[in-house]
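If you want the building blocks of each chain, they are given just below.
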Amino acid sequence: MDPTSVISIGTLRNVFTSEAGQVLPPIVVQCLQTRILTPSPQAQERFRVVLSDTVHFVQCMLASQNNHLIKNGDLVKGSIIKLASYQTNQIKERRVLIVLELEVLKEYGVHDKIGQPDSLEKALDKSQNSGELQRNPYPSPTATTAAVETATAPAFYGSKPSAPPAPQRNHPFDENKRPAVSGANANAHIIPIEGLSPYQNKWTIKARVSLKSDIKTWKNARGEGKLFTVHFLDETGEIRATGFNEQCDALYEVLQEGQVYYVSKARVTFAKKQFSNLSNDYEITFENQTEVEKCEDQSDVPQLRFNFVPFAELAKVEKDAQVDVIGILRDSGEVAEIMSKTTQKEYLKRDITLADTSGFDVRMTLWGAVAQNFDAPLESVIAFKGVKVSDFGGRSLSMAMSSSMTVEPDIDEAYKLKGWFDATGRNETFQSHQALLGMGQAGGRLEVYKTLEQVASEGLGLNEEKPDYYSTKATIVYLKQESVSYPACMSEKCNKKVVETNPGEWRCEKCDKTWPKPQYRYVMTMSVNDAYSQAWLSCFDDVGRMIMGMSADELEALRGGEEKSNDYLTAFAEAVGKTYIFRCRARMDSYGDQQRVRHQVVSASPPNWSAECTKLMETIRLYSQD
């Protein structure tokens with residue numbers, strides 16, 4: 001049933017502007033929020049709700065006889081309700097609706113917010129006082145008396161009680177004349193981050209800056225500007241805050257990562273989830289009147305919070321999800337420049353490899369200044385918050401604008417990880433997560449390996465429109481020793497073959513450069529077997545380095561001319577007979593007049609025998625089911 005057919009659209013304004021003594025008729029509204037008020041020790045439990053007529057919303061207090069509706073789960077966010085008996089009132093100079101009797105219209109179900117309602121409080125203040133009341137909530141001569149009378153009352157909907165009157169500020173936001181929140185009273189007036197919502201006007205939070213972004217600029221047809229974001233953290237949760245243009249200039253240097261601040265007089269809006277990895281439904285926007293003051297007492301505000309996901313569990317995480325991870329730094333690549341295909345802008349990136357106690361390692365991509373300035377030593381413990389999960393070649397991770405990185409964090413998980421690595425982890429063999437399949441029809445389980453016989457019988461790679469991917473466990477039985485590598489250009493991102501034009505001169509046609517020597521890169525062909533069949537696989541430099549245990553330059557140095565040296569032959573002999581988990585791409589290629597399927601290794605890793613045992617046990621369990 002359509003709830004808009006019964007909601008009393010626009011009636012809340014009439015309720016508050018009706019003449020005294022007028023009988024108020026029943027109305028139908030939507031519940032936007034419910035929350036328990038923090039009572040004093042002697043006070044009865046009370047609930048407040050926010051109700052909307054789709055045009056305006058208003059804060060309301062439930063009479064105690066209605067408490068059971070919330071406790072029983074009948075009255076929830078999104079419910080359609082009928083107010084049978086109610087009256088208007090003022091609490092701390094704010095208009096409030098007291099709900100005496102109501103009925104939840106269950107037949108209309110529970111819905112997301114209907115319409116785009118505005119604050120009724122603001123609308124009435126604007127029409128009656130030309131906006132003056134919004135800037136000065138207590139302008140009447142009795143303001144001092146009211147403040148004293150309500151100072152000990154519990155805060156309504158997260159609002160802080162009024163303080164003794166101070167000289168009024170009529171000037172715009174001035175970072176050099178920032179109003180301060182007095183130390184002793186500030187703690188008594190703070191509301192938690194989880195208590196923030198768009199339905200309240202006056203609030204102050206005490207929170208730590210857990211993340212601060214760089215300043216971002218934009219330019220489009222509508223103009224240009226700049227912004228920065230921070231994450232505020234307290235014991236109840238986190239919330240994202242953004243400052244644009246003037247607020248960016250005023251607050252960027254004021255807010256420092258890791259410090260604690262009092263923040264008030266900012267705007268709370270619904271969160272834009274595409275720009276944030278936080279679970280909070282709301283976010284903060286700094287405005288001209290926003291007040292920020294550094295807090296010296298930081299003991300009661302927690303440090304950065306994590307919800308770590310083991311690397312072994314990444315296969316169960318959806319693509320593009322954001323997760324927290326912690327690992328040991330096993331490898332750090334060089335900084336490289338790449339160009340975006342869409343924007344044609346160049347970006348800096350660096351790939352690092354992390355491992356954890358689950359027996360897996362994973363590739364993490366760092367970007368921009370983080371990539372350029374990264375200097376953590378190998379075997380450091382690094383914690384990441386809010387990194388993006390990619391399914392490129394299996395599972396990998398990438399830092400986003402809202403991600404954060406902490407080297408050697410002072411948390412229990414870091415000490416446990418370091419202790420494990422020093423004791424046993426340093427000598428373990430890790431399984432590459434790129435050899436696993438992510439979320440799919442298997443419901444997030446690791447992909448079942450295909451036998452080489454299944455690869456052939458299922459015709460993988462015969463589709464000319466797109467390649468097929470599969471994982472298989474096989475053993476190398478032969479490695480071709482001819483054309484095992486090629487001389488490549490030493491320019492970053494080139495890797496094209498170079499030609500020796502003169503002794504000591506190797507020329508790259510693409511880069512139009514000459515080098516004194518090339519950088520050899522693997523392009524290998526191998527025969528692999530499993531218990532059922534045989535197949536030929538090809539691989540490139542990364543996989544070749546792992547299989548041979550050395551770089552192609554080092555192998556080329558062992559060759560010893562046309563007559564291969566014993567060391568060269570020994571290197572191949574030691575590589576044969578080893579088993580790997582191969583992640584392969586099968587696609588149709590043309591060789592002259594013939595077409596045949598080429599199986600290229602995307603990634604490879606030695607088996608993690610603990611994980612392999614778990615896989616076999618799961619297979620046995622499935623076979624044992626009726």
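The structure we're discussing is the one just above.
What counts as what
Residues numbered from 1 in each chain as written. Predicted model: local features only at pLDDT ≥ 70, side-chain atom pairs only at ≥ 80, totals over all residues. Heavy atoms only, no water. Buried < 20%, exposed > 50% of the residue type's maximum accessible area, 1.4 Å probe, protein only. Helix = DSSP H or I, 4+ residues; strand = E, 2+ residues; numbered from the N terminus. Pairing = 2+ DSSP bridges. 1 Å grid on protein atoms, 1.4 Å probe; cavity = no way out; pocket = protein on both sides within 12 Å on 5 of 7 lines; lining within 4 Å. Points joined across faces, edges and corners; volume = space filled by probe spheres on them. Nonpolar A, V, L, I, M, F, W, Y, C, P; charged D, E, K, R; others polar. Phe/Tyr/Trp six-rings, centres within 6.5 Å; stacked < 30°, edge-to-face > 60°. Axes fitted to C-alpha atoms, helices over the stretch in contact; angles between N-to-C directions. Parallel < 35°, antiparallel > 145°, perpendicular 65-115°, else oblique. Contact = heavy atoms within 4.5 Å. Salt bridge = Lys/Arg side-chain N within 4 Å of Asp/Glu carboxyl O.

S.K.: Got a minute to help me understand the pairing of strand 26 (residues 505–508) in this structure?
M.R.: For a regular strand, the rule is simple: side chains alternate between the two faces of the sheet. Side-chain alternation along strand 26 places Trp506 and Cys508 on a buried face and Glu505 and Arg507 on a face that remains uncovered. Two elements, strand 25 (residues 499–502) and strand 26, share three bridges in a ladder whose sense is antiparallel. Within the sheet, the bridge partner assigned to Asn502 lies in strand 26 and is Glu505. Of the pairings in the sheet, the one linking strand 26 to strand 27 (residues 513–515) comprises three bridges and is antiparallel in character. Its bridge partner lying in strand 27, Cys508 is registered against Lys513. Linking strand 26 to strand 27, which pair antiparallel, is a turn of four residues; within it Asp512 sits at a positive phi near 55 degrees.

S.K.: Can you help me understand empty space enclosed by the protein in this one?
M.R.: The method is simple in principle: a probe with the dimensions of a water molecule rolls over the atoms, and the space it marks as empty is what remains. Inspection of every chain in the model, using the stated rule, returns three cavities of 30 Å³ or more. Of the residues in the lining of the largest cavity, the class split is five nonpolar, three polar and three charged.

S.K.: Whenever I open this one, the packing of aromatic side chains confuses me. Can you help?
M.R.: Two numbers describe a pair of aromatic rings. These are the distance of the centres and the angle of the planes. Taken as a whole and assessed by the stated rule, the structure comprises 11 aromatic pairs. Ring centres of Tyr478 and Trp536 lie 6.2 Å apart, and the angle between their planes is 85 degrees; on these two criteria the pair is classed as edge-to-face. One end of the pair, Tyr478, is in strand 23 (residues 468–479); the other, Trp536, is in strand 30 (residues 534–539), with 58 residues separating them in the sequence. Given the relative accessible area of 43%, Tyr478 is considered partly exposed. Note on Tyr580 and Phe582: the rings are 5.8 Å apart at their centroids and 55 degrees apart in plane angle, and the pair reads as tilted. Classification of Phe582 as buried rests on a relative accessible area of 0%.

S.K.: How should the packing of helix 12 (residues 552–559) against helix 13 (residues 566–575) be read in this particular structure?
M.R.: Between two packed helices, both the angle of their axes relative to each other and the distance between the axes serve to describe the pair. With their axes 7 Å apart at the nearest point, helix 12 and helix 13 run at an angle of 135 degrees to one another. Compared by their axis directions, helix 12 and helix 13 come out oblique. The residues of helix 13 that touch helix 12, namely those facing Leu555, Leu558 and Arg559, are Asp567, Tyr568, Ala571 and Phe572. Partitioned by chemical class, the residues of the contact of helix 12 with helix 13 number five nonpolar, no polar and two charged.

S.K.: Explain the pattern of salt bridges to me, please; I cannot follow it from the model alone.
M.R.: Pairing is possible between side chains of opposite charge, provided their charged atoms come close. Under the defined criterion, the tally for this structure stands at 24 salt bridges. Residue Glu556 pairs with Arg559 through a salt bridge whose shortest N-O separation is 3.7 Å. Within this pair, Glu556 and its partner Arg559 are both found in helix 12, separated by three residues, close to a single helical turn. Among the ionic pairs, Arg598 bridges to Asp589, the shortest N-O distance being 3.8 Å.

S.K.: Sorry if this is basic, but what is going on with the pairing of strand 9 (residues 223–234) here?
M.R.: The element strand 9 is extensively covered by neighbouring structure, given that nine of its 12 residues are classed as buried. Of the strand pairs in this sheet, strand 7 (residues 204–212) and strand 9 are connected by four bridges, and their pairing is antiparallel. When the sheet's bridge partners are listed, Leu211 is paired in strand 9 with His231. Where strand 8 (residues 216–220) meets strand 9, five bridges bridge the pair, whose relative direction is antiparallel. When the bridges of strand 9 are listed, Asn220 appears paired with Gly223. Linking strand 8 to strand 9, which pair antiparallel, is a turn of two residues. In this structure, strand 9 lies alongside strand 10 (residues 237–244), joined through eight bridges in antiparallel fashion. From the neighbouring strand, Phe232 faces strand 10, where its bridge partner is Ile239. What sits between strand 9 and strand 10 in their antiparallel hairpin is a turn of two residues.

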